[in-house]
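Here is how the chains run, residue by residue.
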Amino acid sequence: MKNSFAGLHCVDVKGHSKSVGYEPGMRIGDGKFTNTWNAVVIDGEWRFVQCNWGARHLVMSKDKKQAEISPPKPTREKIKYQYDEHYFLPDPEDFILEFFPYKSEWQLLEHPITLQDFEQLPFVRSLFFHYHLSFVNQQHAVIQTDNRGACDIKLRMPDSLKQRLAFHFHLRFAQQTNSTEDLSDFQGIKLERYVLHTVQDDLVSFNIHVPQEGDYFIEIFASLVEPDPNPFGQSFKLKCVCKYRILCKQLIQRMHPLPACAAGEWGPAKAIRHFNIHPLTHFQAIFEVHQLPILIKFRCPKQLKFHGKLSSNQHSDLNSSTTTQLDKYVKYEYDEYDFSIIFVIQLPNEGQYGLDLYARDPDYQTEKRTMSHCCKYIINYSKTTKTIDKPSTNTQMYHDYSFDNAKDKHMSSRVNPSERSLSPRKMT
């Protein structure tokens, strides 16, 4: 024990950390991913301080392929100095997710864990704690899919932030077979189209169906959406909150990719969070219809300009057309008195469609008059109540599995209390 410049009793603690170059599921060998931090006595209790991580962080290479092949070295040019409060006096239950001391007594846990336990814990970053997120499921760093390539990740937000947090993700293959291969593509299709990302009330879900056997990484990002008088065209920076490795050992049935819509979450939550546009009819990301036309109604904060865009895997030849022939099936009617809008949608054939809705505020003129993406839906259309015919025996379309087939259509609905957070912060 020694005294610090601040007059505190202080010790150096040595061990391992999930630092630059570490990926979920990695085994930590002797001399690998070593680190040193401090423990200090405050009000008679030992608390952790990690000054290096709390004062600066490494800026990753913009060349994604190069960064994936060889993690960047901490040169002066790549270090950014930025205060991060999380690493000053964090709770031991949080700190253990990133730092493992050689001596178990310096875990400061009632029930210490092993190095193997540490390797299996989810990979998190400090923003996970800043935003007070918790894990509803997936308590381990490596997730194994079923024989359809399916798995899901669910996070819970605090009530105070559920209308302000935006999420995104990046799914990629874990290994590169050749130097020109894009790790985010499968046979020319973006891997993000095999993930149904939804937000309902305080629950953030990522339902994944990987397209082939193998190893994958999924990285989840988040950011606070700040109030803005003109939210249309607003930009914000997403940062990593957690990351998993996904392992698919056997695949007997492959899911079709989702329609080629704009990137990001499905469902109307984005329209509410970013633009104060509230759905009055369709509250889920996926819905089934058996009759046309489809009427989707929203209430707006003011008069806005809109555009609707349809996508369909069955009409991929039309999607690539410069005239966007599917868009002609989407019209809208605006009521200037109550600021409500009804999208009237006709569909050319049975099948699955993606609907993108865009808007802009005419009071904020921009040079290009760019429209902002508001939200998107998946529409499963069949003229009978039977499930949509499957195009082949070994593939399947996305159906309404996103909320365990929940029938409650209200945005404020919550999951069963038995599905409450099982956060690994609470070690047992």
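Residues numbered from 1 in each chain as written. Predicted model: local features only at pLDDT ≥ 70, side-chain atom pairs only at ≥ 80, totals over all residues. Heavy atoms only, no water.

Novice: Hey, could you go over the confidence of the model for the protein chain for me, with residue numbers and the actual values?
Specialist: For the protein chain, the average pLDDT comes to 82, and 76% of its residues sit at 70 or higher. Here residues 400-428 is a poorly scored stretch, pLDDT under 50, and it has 69 contacts once near neighbours within four places are set aside; other chains count. (pLDDT = per-residue confidence, 0-100. Contact = heavy atoms within 4.5 Å.)

Novice: Tell me about the sheet that holds strand β27 (residues 372-381), residues and numbers included.
Specialist: Spatially, the four strands line up as an open sheet ordered β21-β27-β26-β23, and their pairing is mixed. With one partner strand each, in any of the chains shown, β21 (286-289) and β23 (305-311) form the two edges of the open sheet. Sheet twist, expressed as the mean angle between neighbouring strand axes with direction ignored, is 30°. Strand direction decides the pairing type here: β21 and β27, joined by four bridges, are parallel. Note on β27: the bridge partner recorded for F287 is I379. (Pairing = 2+ DSSP bridges. Helix = DSSP H or I, 4+ residues; strand = E, 2+ residues; numbered from the N terminus. Axes fitted to C-alpha atoms, helices over the stretch in contact; angles between N-to-C directions.)

Novice: Describe the side chain of S311, listing the residues and the values that go with them.
Specialist: Structurally, S311 can be placed in strand β23. A distance of 3.4 Å separates a polar atom in the side chain of S311 from the backbone oxygen of A260. (Polar contact = N/O pair within 3.5 Å; in protein donor to acceptor, adjacent residues only side chain to side chain.)

Novice: Hey, could you go over the nonpolar core for me, with residue numbers and the actual values?
Specialist: In terms of nonpolar packing, the biggest core is built from 48 residues, with F128, F167, I208, V241 and C242 touching the most fellow members. Counting residues per element, the ones that place at least two in this core are β8 (123-124), α5 (126-130), β11 (150-156), β12 (165-173), β15 (195-200), β16 (203-209), β17 (214-224) and β18 (239-248). Setting aside chain neighbours within four positions, we find F167 in contact with L133, L155, M157, H197, V204, F206, I220, F221 and A222. Within the second largest apolar cluster, 27 residues are counted, among which are A271, F275, L326 and C375. (Core = buried A, V, L, I, M, F, W, Y, C linked by side-chain atoms within 4.5 Å. Buried < 20%, exposed > 50% of the residue type's maximum accessible area, 1.4 Å probe, protein only.)

Novice: Now, about the pattern of salt bridges: what can you tell me, with residues and values included?
Specialist: With the rule as written, the count across this model stands at 18 salt bridges. Taking the shortest distance from any N to any O, the salt bridge between E226 and R164 comes out at 3.2 Å. Linking E226 in the loop between β17 and β18 with R164 in the loop between β11 and β12, this pair joins segments that are 62 residues apart in sequence. In the salt-bridge network here, residues are joined through shared partners; they are E23, R172 and K243. (Salt bridge = Lys/Arg side-chain N within 4 Å of Asp/Glu carboxyl O.)

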